[in-house]
Amino acid sequence: MEEDKNEVEEMDASEAEVRFVSVDGFSEAEEVHDLISNIPHAVTGLIAKEMSDERFTEIVDKYLELPHLLDPYLDDLLQRLLVYIQNKNTPLKERHCAFKYLYLLTKVRGPKIMVKKFPHEVADLEPILELLSQQSLTDQENWETRYMLLLWLSMICLIPFDMVRFDAHGADAVSQKQPIVERMLKTGKLYLVASSDNCQEAAALFLSKFITRPDIISAHLFPFIRWCLGKIADSDATTMPGITTMKGCLAAVALIFKQGKRDDLLDHCSPALERILDCNILEVNNTLLRKLVVKLTQRVAMTLLKPTVASWRYQRGNRSLDHTLKAQPVISASTIHEDMEDEGYDIPEEVENVLEVLLNGLKDKDTVVRWSAAKGVGRITGRLPKELADEVVGSVLENFTISESDNAWHGGCLALAELGRRGLLLPERLNEVVPVLLKSLVYDERRGVCSVGSHVRDAACYLAWSFARAYEPETLEKYVNDIGQALLITTSFDREVNCRRAASAAFQENVGRQSHFPHGIDILTKADYFAVSNCGNSYLTIGPFIAKFKEYRKALIDHLVTKKRDHWDTNIQWLAAQSMHKLTKLMPDYIASDVLQMLVPLCTGIDLTTRYGSILIVAEIVHSLHEIEVQNAESYNGLASRNSTLKSILRIIQQLSDAKLFKGYSGELMRFAACHLIARIAQCTEVKVPRLTNDSWLELIHDCLSNLHMFTNTEKICSAAISALSAINQVTLVAAPFENLGSQKDSSTSEAVDLYLSHLSSPLEKQRCGYAHAIASLPKPVVQSFFMKICHSLFKAAKIVDKTEAKTFSRARQEAIYALSRICNTAGVSADNNMNAGVCQDNIELIYNTLFIGLEDYTRSQHGDIGSYVRMAAIKALKDITLLIAEQDPSILSPAVMRPVICGILQQACEKIHKVRDLAVSALLSLISLNNVPHIPSQKELLDVFPNHSSSKWYAMDHLFHHLSKLLDHPIYSRHVLTGFIVSVGDLTQSLADASGGGLFSFMDTIGQDREKLDRFCSNLLEIFSKYTKQDRISIPLLKTLHQLFVNDCFMLINESNANDTIAAKFQEELLVLVKAEITRCKDAQKILVAIPVLCGMMQFQRKSFRKLLLSQMMILLCHRFPVIRRTMAEQLYELVITFDELVKEDQLDVVMTNLSEIEWDSNVDQLRPIRNQLCDGFGVSPPKLVKKVTQDN
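Residues numbered from 1 in each chain as written. Predicted model: local features only at pLDDT ≥ 70, side-chain atom pairs only at ≥ 80, totals over all residues. Heavy atoms only, no water.

**Some details on the overall build of the protein**
We apply this condition: Each helix is a run of DSSP H or I of at least 4 residues and each strand a run of E of at least 2, with the numbering of both proceeding from the N terminus. The reference for a compact globule is 2.2 Å times residues^0.38; the radius of gyration itself is calculated from the C-alpha atoms. Working definition: with a 1.4 Å probe on protein chains only, accessible area under 20% of the residue-type maximum means buried, over 50% means exposed, and in between means partly exposed. In what follows, a contact means two residues having at least one pair of non-hydrogen atoms within 4.5 Å. For the area figures, the Shrake-Rupley method with a 1.4 Å probe applies, and any residue is considered shielded solely by the protein chains shown. This count recognises Lys and Arg as positive and Asp and Glu as negative, with His and chain-terminal groups excluded. For the purpose of locating charges, the reference atoms are NZ of Lys, CZ of Arg, CG of Asp and CD of Glu.
A count of helical and extended segments in the protein gives 58 helices and two strands. Against the 2.2 N^0.38 benchmark of 32 Å for 1194 residues, the protein shows a C-alpha radius of gyration of 41 Å, more extended than a compact globule. On the principal axes, the C-alpha backbone points of the protein span a range of 115 × 100 × 65 Å. Burial statistics for the protein: of 1194 residues in total, 54% are counted as buried. For the protein, the proportion of contacts with a sequence separation of at least 24, taken over those separated by at least 6, is 71%. Carbon and sulfur atoms form 51% of the exposed surface of the protein, whose accessible area is close to 54100 Å². One finds the centroid of the 129 positive side-chain charges in the protein at a distance of 3 Å from the centroid of its 149 negative side-chain charges.

**Some thoughts on unusual backbone geometry**
Despite not being glycine, histidine 519 shows a phi value in the positive range, around 55°. A relative accessible area of 32% places histidine 519 in the partly exposed class. Here histidine 935, not a glycine, exhibits a phi torsion of approximately 60°, which is positive. As for its position among the elements, histidine 935 is in the loop between helix H45 (914-928) and helix H46 (939-945).

**Focus: the pattern of salt bridges**
Quick reminder of the rule: Throughout this description, the term salt bridge denotes a Lys or Arg side-chain nitrogen within 4 Å of a carboxyl oxygen of Asp or Glu.
Within the structure shown, the criterion is met by 51 salt bridges. For glutamate 418, the salt bridge identified is with arginine 421, shortest N-O distance 2.9 Å. You can see glutamate 418 and its partner arginine 421 sitting in helix H20 (residues 406-421), three residues apart, about one turn around the helix. On the accessibility criterion, glutamate 418 (1% relative accessible area) is buried. Its salt-bridge partner being arginine 429, residue glutamate 432 comes within 2.9 Å of it at the nearest N-O pair. Salt bridges here are not isolated pairs; linked through shared partners, they connect Glu31, Arg55 and Glu58.

**Observations regarding the packing of aromatic side chains**
To keep things clear, this is the line we draw: The aromatic pairing rule takes the rings of Phe, Tyr and Trp, using the six-membered ring of Trp, and pairs them if the centres are within 6.5 Å, calling planes under 30 degrees apart stacked, those over 60 edge-to-face and the rest tilted. Both a distance and an angle decide whether a charge sits over a ring: NZ of Lys or CZ of Arg must be within 6 Å of the ring centre and within 35 degrees of the ring normal.
If you walk through the whole model with that rule in mind, you get 30 aromatic pairs. A centroid spacing of 5.3 Å and a plane angle of 85° characterise the contact between phenylalanine 400 and tryptophan 409, whose relative ring orientation is edge-to-face. For tryptophan 409, a relative accessible area of 8% puts it in the buried group. Judged by centre distance (6.1 Å) and plane angle (55°), the ring pair of tyrosine 848 and phenylalanine 852 falls under tilted. With tyrosine 848 and phenylalanine 852 both in helix H42 (residues 844-855) and four residues apart, the pair spans about one turn of that helix. Phenylalanine 852 shares its class with tyrosine 848; the two are buried. Joined through ring pairs, the aromatic side chains of Phe1046, Phe1051, Phe1067, Phe1101 and Phe1106 make up one cluster. A cation over an aromatic ring shows up here: lysine 189 above the ring of tryptophan 227, its NZ or CZ 4.8 Å from the ring centre. The aromatic ring of phenylalanine 672 is capped on one face by lysine 716, whose charged end is 4.6 Å from the ring centroid.

**Section: the confidence of the model for the protein**
This is how it is decided: For every residue, the predictor assigns a confidence score, pLDDT, that lies between 0 and 100.
Of the residues in the protein, 91% reach a pLDDT of 70 or more, and the chain-wide mean stands at 87. The secondary structure element of the protein with the lowest average pLDDT is helix H1 (residues 2-24), at 40, and the one with the highest is helix H29 (residues 570-583), at 96. Every residue in residues 1-23 scores below 50 in pLDDT, and together they form 19 contacts with partners more than four places removed in sequence or on other chains. Here residues 327-344 scores under 50 on pLDDT; set against residues more than four positions off or in separate chains, the count is 25 contacts.

**Considerations on the packing of helix H36 (residues 714-729) against helix H38 (residues 765-776)**
The following threshold applies: Geometry is summarised by axes, namely lines fitted to C-alpha atoms with helices restricted to the contacting stretch, and by angles between N-to-C directions that run from 0 to 180 degrees. These descriptions rest on fixed angle ranges, namely under 35 degrees for roughly parallel, over 145 for roughly antiparallel, 65 to 115 for roughly perpendicular, and the rest for oblique. Throughout, a crossing is termed right-handed when the near helix is turned clockwise from the far one, and left-handed when it is turned anticlockwise from it by less than a right angle. The classification used treats Ala, Val, Leu, Ile, Met, Phe, Trp, Tyr, Cys and Pro as nonpolar, Asp, Glu, Lys and Arg as charged, and all other residues, Gly among them, as polar.
Between H36 and H38, the least distance of the axes is 9 Å, while the angle of their chain directions is 30°. With respect to H38, the axis of H36 lies roughly parallel. As for how H36 packs across H38, the hand of that crossing is right-handed. In this structure, H36 uses Thr714, Cys718, Ile722 and Leu725 to contact H38, whose residues at the interface are Lys766, Gly770, His773 and Ala774. Of the residues assigned to the contact of H36 with H38, the class counts are four nonpolar, three polar and one charged.

**Focus: the nonpolar core**
Note the following rule: Here, the term nonpolar core denotes a set of buried Ala, Val, Leu, Ile, Met, Phe, Trp, Tyr and Cys residues that are joined through side-chain atoms within 4.5 Å.
Counting 396 residues, the largest nonpolar core has Phe467, Phe1051, Met1098 and Phe1179 as the members making the most contacts within it. Setting aside its immediate chain neighbours within four residues, phenylalanine 1051 contacts Leu1014, Phe1017, Cys1018, Leu1021, Leu1045, Phe1046, Phe1067 and Phe1101.

**Quick word on helix H30 (residues 588-602)**
Worth spelling out the cut-off: Every helix has an expected span of 1.5 Å times one less than the residues it contains. Two axes define the bend at a residue: one fitted to the seven residues ending there, one fitted to the seven starting there, and the bend is the angle between them.
Between its first and last C-alpha, H30 extends 20 Å over 15 residues, near the 21 Å set by a 1.5 Å rise per residue. The largest bend in H30 comes to about 45°, at leucine 596. Among all positions of H30, only Pro588, Tyr590, Ile591, Ala592, Val595, Leu596, Leu599 and Val600 are buried.

**As for the environment of asparagine 1155**
Here asparagine 1155 lies in helix H57 (residues 1149-1158). The exposure class assigned to asparagine 1155 is buried, which follows from its relative accessible area of 11%. Sequence separation between asparagine 1155 and arginine 1172 is 17 residues, and the spatial gap between their C-alpha atoms is 8.7 Å. Apart from the residues lying within four places of it in its own chain, the contact partners of asparagine 1155 are Trp1161, Ile1171, Gln1174 and Leu1175.

**Notes on the environment of glutamate 141**
Looking at the secondary structure, you find glutamate 141 in the loop between helix H8 (125-133) and helix H9 (143-156). Separated by 41 residues in the primary sequence, glutamate 141 and lysine 100 place their C-alpha atoms 10.0 Å from one another.

**Notes on a negative patch on the surface**
Quick note on the threshold: Like-charged residues are merged into a patch within 9 Å and nonpolar side chains (Val, Leu, Ile, Met, Phe, Trp, Tyr) within 5 Å, provided each residue has over 30% relative accessible area and no salt bridge.
A cluster of acidic residues, Glu349, Glu352, Glu356, Glu387 and Glu391, forms a negative patch on the protein surface. Every element with two or more residues in the negative patch is listed here: helix H17 (349-361) and helix H19 (386-397). Considering every element that reaches the negative patch, the biggest residue donor is H17, with three residues. Tracing the chain through its elements places glutamate 352 in helix H17. The exposure class of glutamate 352 is exposed, given its relative accessible area of 59%.

**Focus on helix H21 (residues 430-441)**
This is how the line gets drawn: Directions from the helix axis toward the C-beta atoms define the arc.
Spanning twelve residues, H21 covers 16 Å between terminal C-alpha atoms, matching the ideal 16 Å at 1.5 Å per step. Within the span of H21, buried status applies to Leu430, Val433, Val434, Val436, Leu437, Ser440 and Leu441. Each buried residue of H21 lies within a common arc of 160° when the element is viewed along its axis, so the set occupies one face. Buried-residue contacts for H21 involve H19, H20, helix H22 (454-470), helix H23 (473-476) and helix H24 (480-493).

**Re the packing of helix H54 (residues 1085-1097) against helix H55 (residues 1104-1118)**
The geometry of H54 relative to H55 is characterised by a closest axis approach of 11 Å and an angle of 150° between their N-to-C directions. It follows that H54 is roughly antiparallel to H55 by the angle criterion. Handedness of the H54/H55 crossing: left-handed. In this structure, H54 uses Ile1088, Ile1092, Leu1095 and Cys1096 to contact H55, whose residues at the interface are Leu1110, Gln1113, Met1114 and Leu1117. Among the residues making up the contact of H54 with H55, the classes are represented as seven nonpolar, one polar and no charged.

As C-alpha cells, then:
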C-alpha cells in the first residue's frame, strides 16, 4: 500500500508541474529569440545545427499539452522567422532552418491557428509559389519547408480576387510561364500523389480550398474530381506508390466535399460514390485508405441530405452543472416534435449505400475506422426522418450479440454514444440500450492466455458519459442504480488503467449532471482520476470503500466471485481474493452462506482458472470470517468454525491430490493456491483441523519444497509453501513428511528436524533454498531444543565447501544465512548461557564467523557477481542479530566481535554494487545510531562522519564517498575502507569511478604534505595488494587505482625523498615486486595492459637503482609473447624518454627514440630481441636472459 501511495503522490507531483508551467507561461521566450537570431551561426556546422534544433524542439515540445501559452508570443516569433524566409538573399540553409522552426511551432499550436497568422497579401502569392516550385521532392531532410509552403499557399489562395487577373500583367509580353491557376494545380497535384509525408496532407488541404473558390470551381471541379477518381481506380493498393496516390486523392476529394457548397457538389455525389465503391478499397489491408473511404462516403451522404436539424430529436435539458446542482425545473426538455417533420422529403438511394458502408465500418478491425464510421452514423442519422433513424439505431444494436466480434461491440458503443450525444437516441430505446451498456462495461472475451475487450469497456464508459449529457435526470432515474453499479465495478476492479479512469470520469459526469446517483460526491472524493491509476489501490482501497454503501455492496461482491474469479490474469485473481477478504466483513452472513456454497464446489471443478480463483477467494473468505468470529464472538459465534461448508473446504486438498491435479504446469497454480488455502485455514485458531487432514497438508508442502527445481514459478511456490508450513508448525511438527504420515504419530521431533536438515545438503539448489526457508519457519520450542544442531547445518550450507559448487549454490548460501538470522531471532539470547537453547557467549563467535565468511563471498558466474546475494544476506543478518543481542543481552557483544562487524559493513558500503552499498549504509546507520549497541570502535567518530543519519542523502554516491573518505586514515577502519574504494575507483562504470575517485583524491590532497599519514596510506595499499595478489577482483582495480594515484601526483613526497629514506625505498621496491608478481606468467593481456601504466608511473620515483629495476622489467615486456603488449610498452617507453631524458645515455638518445618509434613491435619476437638488447645498452641495463623450459622424461 505504501508503494501505491507513492505512485499516486508521484502523479500528483507531475500534475503540479503542469500547473506550474501554466502559471509561469512561456518562460523560455528569450532563449527561443536567441536561437532564432543564432540561425546564421548554427547552420555553419553540423554539430551546432543539431544542438540548436534539439534545444528548440525540447523547448516548444513542453507546451504540447498547453499550447495556448504560446499565443502572446507567436506573432513576434513568426516575424523573426519571416525575416529569413521572405528575404531573397537569405542562404538556403538558413531558410530551411527557419522553416523547420516554424514547423515546430505549428506542430505545437496547430496548423489552423498558425496559418491564419501567415502573411496573405496578393503580393505574397507569386513568391511563395515560386519558392515552392524550387523545392525537390527527394530532399528528405528539409520536408518542413515544403509542408509550411503548402500550408501558407492554402491560406493565400483564399484572397478575394479573380485568379485570372494575376496573369493579365503579362498579356502584352511574351511570357513563358503557365497561367497561375495551372501552375498552382500542377504543383498541388504533384505533392498530392508523389509525396508520402505531411506535405501530402497540406497539398490536399490547399487543393480543396483552391478548387472550391467561386472563380475556380466551375471550370476545374469536375476535371479535378475525375482526375482523382481515375488515379484511385488506376492505382495498385498493394504497392507503396499506389497507396500514396490513393491516399492523397481520397483525402483531397473528402476535403472538397467538406469545404465546398452543397449546390456545387450535388451533381458529383452519385458518380463519385459509385466509382469509390467499385474500387473495393474497404477490402484493402490498409487502415488509412479504409478510414478515408469511410470519411468520404459519409461526406457524400451529408451533401446529398438536406442540411436540417431533425425536429424529432431529443431536446437535451440542463447543460449547466449549476442548474443541475440547484435542482431547478427543466423547461420542456423532453418534448418530441413529430408534427414538424417533413414527410414529403425523399431520401436518396445513395444514402442507404453509405449507411451500409458505415454500419460495416463499425465492425472494422482498426479503431480509427470504427471511430470515423461511428461519427458518420451520428451525423447522417441527424438528418433522417424518425422512422429511418430508428432503423439505423436498430441496426447498430444488432452488433451486440454473442456471435459478433469485439470490434463490432466497440464500434456499436461508439455509434450509440454519438447518437446519444446528438439527441438521436430516444428514451424509448433506453430499455434496449442500457442492458447493452451494462454488458459492455464488463465485456472481456478470453483469447488464449489473455483476453480482448478493454477497448469495448472504454467505449462503454464513453457511452455512459454521453448519457449524462443527453438525458434529463427523470429519464434516467430508473436506470441509475444499474449504471452506477456497473461504472463503479469498472472503476474499482477493471484490469486496465484507461478503463478505470474512463469509468471514473463517466461516473463523475453522471453525478454532476444527474441528481440521483447515491453517495456520488463521497465516492468521487476517493475514486478520482489519480487514485484509480494504481490497480492495487483500486482493489484494496477504493473497492472496499465503495462497498461501504449498501447500494453498491452486493454488486461488487458478486462481480468478484463470478467475473474476476475466472479472470485470465492470475495477478487480478489474487487481488480479487485480497479484496474479498475486506468485503467479507461488510456482508458476512451473505458470504458465509450463499457465496461459499457457490464457490466450494468450484474449487475441485474441471476448469483450471475457475479452480484457482475459487480456492484463493475461499481461503481469504474463511480467514476473514474467522477474524469476524474472534472479534464478535457473541454476534457471530461459529461463523467460520461451524460453517456448513467447512468440512468440504478441509477436503479440498485431498480431493485435488486424488484427482492428480498437482501435476504438470497447471499443477503449479494449484500448488500455490492450495498452500495459500492451508496457510489461511491454519491461521484460524477456532477451526479444528483433523490429524489426517493436517498430515495430507504437510505432505503437499514438503512435496513442493522437495521439487522446487521442477517448477517455473519457484519463488512463488516456495513462498506459499513456507507460509503454510509456518502456520502449521505453530501446531505440530511431523517427523516423516513424505510417507505414511498418519501412522508415525510416535516419531520424535528430533527425527523430523533431522529430515529437514538433511535437505540442506541436497544436490539441487532450489531444494536447499526451500528447506532453508522451512527450517527458518520452525516454531520456537523446536528451535530452542535443537539450536546448535540447526546452526551447524546452516553453517555448512552457508559456506563454500566444494569449489565446484561455488557457482551453482549462491542462492542456497544466501537462504542459509537468512535462515540463520531468523533462527537466531526465533530462539533469542539464552538466559542461562545454554548454547543449545539460543545465542550465547559460547556460540556467538561461530555464528558471526559464518556471517564474516559470507561477507567475503565474491563468486562470479555468467550471470555476474552472484556472490552479492550472499553478501547482502550477511549484511542484513549481521545487523538483525546484533540488534537482537543488544536488546536482550549486550554483554556478550565483545570488542572482538564488534570490530570485524563494523569493518566488514564499512567495506561493503564502499564497494561498487549499489544495492549492496545501500544495504550496508542502512545497516551501518542503524547500528551506530543506537546507544545500546556496545563496543563499536570509535562510535563518536563514525557519528561525526555520518551526521543526520536519518537523511536519505547518504545513498547518493558523491555524498557517500566524500564522507567515507574521512575514514581512510582511521587506524581501525582505513584498510577496509580503502579496499572498498579500490574496487569502486577501478570499476568500469564511469559514474561510480568518478564519485569514488573524487572522494579518494580529495583525501590524498589533504595528506599530500603529511608524510606520516602518507606512509600509513602506502602501508595499507601494500597490505591490500599482498593479500589479494592474483585475485583479479581486487588486483585489476588496484592497478587502475595506482595509475590514477600516479597521474594525480599523490606520491609527491615519496618521489622527492632522499636516498637515505628507507621507508620510501621499501615502499617502492615492495610495490614493484607486487606488480611483477601480478603479471608474471600472466596469460591475460588486458591485465598486463593495465599494469604497464603503473610501471611507467613508478618512474616518478627518482632513485637510480630503482629505475634500473623498472627498466629491466620493461625490457622484458618489450619481447612479450603478446604483440599488443610489445607495442604498448614501446609507446609508453617513448613517452617516458621524452619526459625523463636522463633515462638514456646522451650519445644513444637518437638511436633509442628511433627504435621505439619506427620499429614494428608487432613483428616476430626473434627479430625484435636484438633490437631490444640494443635498447638495453641505451638505457644502461643488462639484457634479459632467455630461460629455457626444462622438461623431465617420465
